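# Examining the three-dimensional arrangement
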Amino acid sequence: MGERRYRVIQWATGSVGKAALRHFVQSPAYELVGVLVYDPDKVGRDAGDIAGGGPSGVVATDDVEAIVAMDADCVFYTPIWPDTDVVCRLLRSGKNVVATAGVYYPTDVTAADAERIEQACAEGGVSYHAGGIHPGFAGDLLPLITSRLVSRVDQVQVSEVVNFSDYPSKYIQLMGFGLEPEVLCSQPSLLGSSLPYFAQSMAMVARGLGESIDDMTSEVEIAVATTDIAYAGTPDSDVPDLRGVIPAGTVGAQHHTWTAWCSGRPLVQFHALYTMGDDVIEPRWAWGTNKYRVVIKGDPATEITLQGEPDENGDIAHPGYTWTAMSAVNVIPAVCAAPPGLKTHLELGVQLLPGLTRHG
């Protein structure tokens, strides 16, 4: 790898932030110089301890002013709910920002924030990028890469399958599982309100194919639990004791479909398939294990599936949090080297990946 080490600040240490933090502590490509936390119990703790590893020598703080004043090449920004004002402040302070949520690509909904970010980048002489697994890698970069294999694209389909029976999550309640179906469909929910979020990836795919989006539509199908389903939050969660029961007859699975229409045809279609388990819902949607599936309808019809590798017992873990973190972490060198501005996958292209082989 090259000689340069990138001085980074980790902002927020939830499930995704911890995955990034472990990498920053271990990788010879990075020097961790600061950690911003929201949980008072984490203040004063060593970053390595928070990440579940050895000591790093960097102590976590909740002092935003100290972090903003700190010298660093990049802030890796991973709150669940990003704040554009904070992002712009970090950019104006002369630090590149790579995020895992927020503004990925300018659309009708995100254009105003994208313009603010562009202005802040110009003032700070730095760049900004948002990535992740989906939206991010599976929803935009992977479909565009797959499209390079074909002669004609009629439609791009991206499916995300999350089976909570083998992937505990702290977001189960937030997504509306356990509600009466009519209640879920009548009020805002995490997935139900996500079209503007995923629309950024869809717009990026359309642009990469030389098209523009005329309209976007949304549909949802519900399956109910056939029995009471007990669940627990992920051990890596900030709320490890989160647990509960999905009562029989309530929402046990959701299938959200978002479609981007170009010139009157459904060019890009995203499917979010979230379930408490294939065997405990009605109707029985046999979606299988956690994965991302990209299908290019065209000539030739082509499919790529992304999932964890089976272990010696044949079990497949879902490294979703690590994928989310590393998809964005690995573009930090490219973002730091780029001219000032908001950079999407279309601008960054294929990157070198220093430090992954751990040779310093």
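Residues numbered from 1 in each chain as written. Predicted model: local features only at pLDDT ≥ 70, side-chain atom pairs only at ≥ 80, totals over all residues. Heavy atoms only, no water.

## Things to note about unusual backbone geometry
The residue after H134, namely P135, is reached through a cis peptide bond having omega -5°. One can find P135 in the loop between β5 (127–130) and α6 (137–147). The phi dihedral of A12 is positive, around 90°, even though this residue is not glycine. Its location among the elements puts A12 in the loop between β1 (6–11) and α1 (15–26). Owing to a relative accessible area of 5%, A12 belongs among the buried residues under this scheme. The phi angle at S263 is positive, at roughly 50°, despite the residue not being glycine. Residue placement: S263 occurs in the loop between β10 (251–262) and β11 (265–275). (Helix = DSSP H or I, 4+ residues; strand = E, 2+ residues; numbered from the N terminus. Buried < 20%, exposed > 50% of the residue type's maximum accessible area, 1.4 Å probe, protein only.)

## Observations regarding the sheet that holds strand β4 (residues 96–99)
If you trace the six strands from one edge of the open sheet to the other, you get β2-β1-β3-β4-β5-β15, paired in parallel fashion. Each edge of the sheet is formed by a strand with only one pairing partner; in this case those strands are β2 (30–36) and β15 (341–342). Each of β2, β3 (74–77) and β4 is contacted by helix α9 (residues 320–329), which is oriented at about 155° to β3, the strand it contacts most. (Pairing = 2+ DSSP bridges. Contact = heavy atoms within 4.5 Å. Axes fitted to C-alpha atoms, helices over the stretch in contact; angles between N-to-C directions.)

## A closer look at the pattern of salt bridges
According to the stated counting rule, one finds eleven salt bridges in the structure shown. For R116, the salt bridge goes to D113, with nearest N and O atoms at 3.1 Å. Taken together, the residues span about one helical turn, with R116 and D113 both in helix α5 (residues 111–124) at a distance of three residues. Using a relative accessible area of 27% as the deciding quantity, one classes D113 as partly exposed. With a closest N to O distance of 2.9 Å, D154 and R152 form a salt bridge. (Salt bridge = Lys/Arg side-chain N within 4 Å of Asp/Glu carboxyl O.)

## Considering the sheet that holds β11
With mixed pairing, seven strands are arranged side by side in an open sheet as β12-β7-β10-β11-β6-β13-β14. Every interior strand has two partners, whereas the edge strands, β12 (281–282) and β14 (302–306), have only one. Alignment of strand β13 (residues 291–299) against β14, held across five bridges, turns out to be antiparallel. Within β14, the position partnered with V294 by the bridge is I304.

## Focus on the packing of α1 against α9
One way to put it is that α1 packs onto α9 with a least axis distance of 8 Å and a crossing angle of 55°. Classed by the angle they form, the pair α1 and α9 counts as oblique. You can see that α1 and α9 cross each other, and the crossing is right-handed. Residue-level inspection shows S15, V16, A19, A20, H23 and F24 of α1 in contact with α9, the latter providing Y321, T322, T324, A325, M326 and V329. Here the residues of the contact of α1 with α9 sort into eight nonpolar, four polar and no charged. (Parallel < 35°, antiparallel > 145°, perpendicular 65-115°, else oblique. Left-handed = near helix turned anticlockwise from the far one by under 90°. Nonpolar A, V, L, I, M, F, W, Y, C, P; charged D, E, K, R; others polar.)

## Thoughts on the side chain of N290
Of note, N290 is situated in the loop between β12 and β13. Overall, N290 belongs to the buried group, its relative accessible area being 1%. A polar side-chain atom of N290 sits 2.6 Å from the main-chain amide nitrogen of N163. (Polar contact = N/O pair within 3.5 Å; in protein donor to acceptor, adjacent residues only side chain to side chain.)

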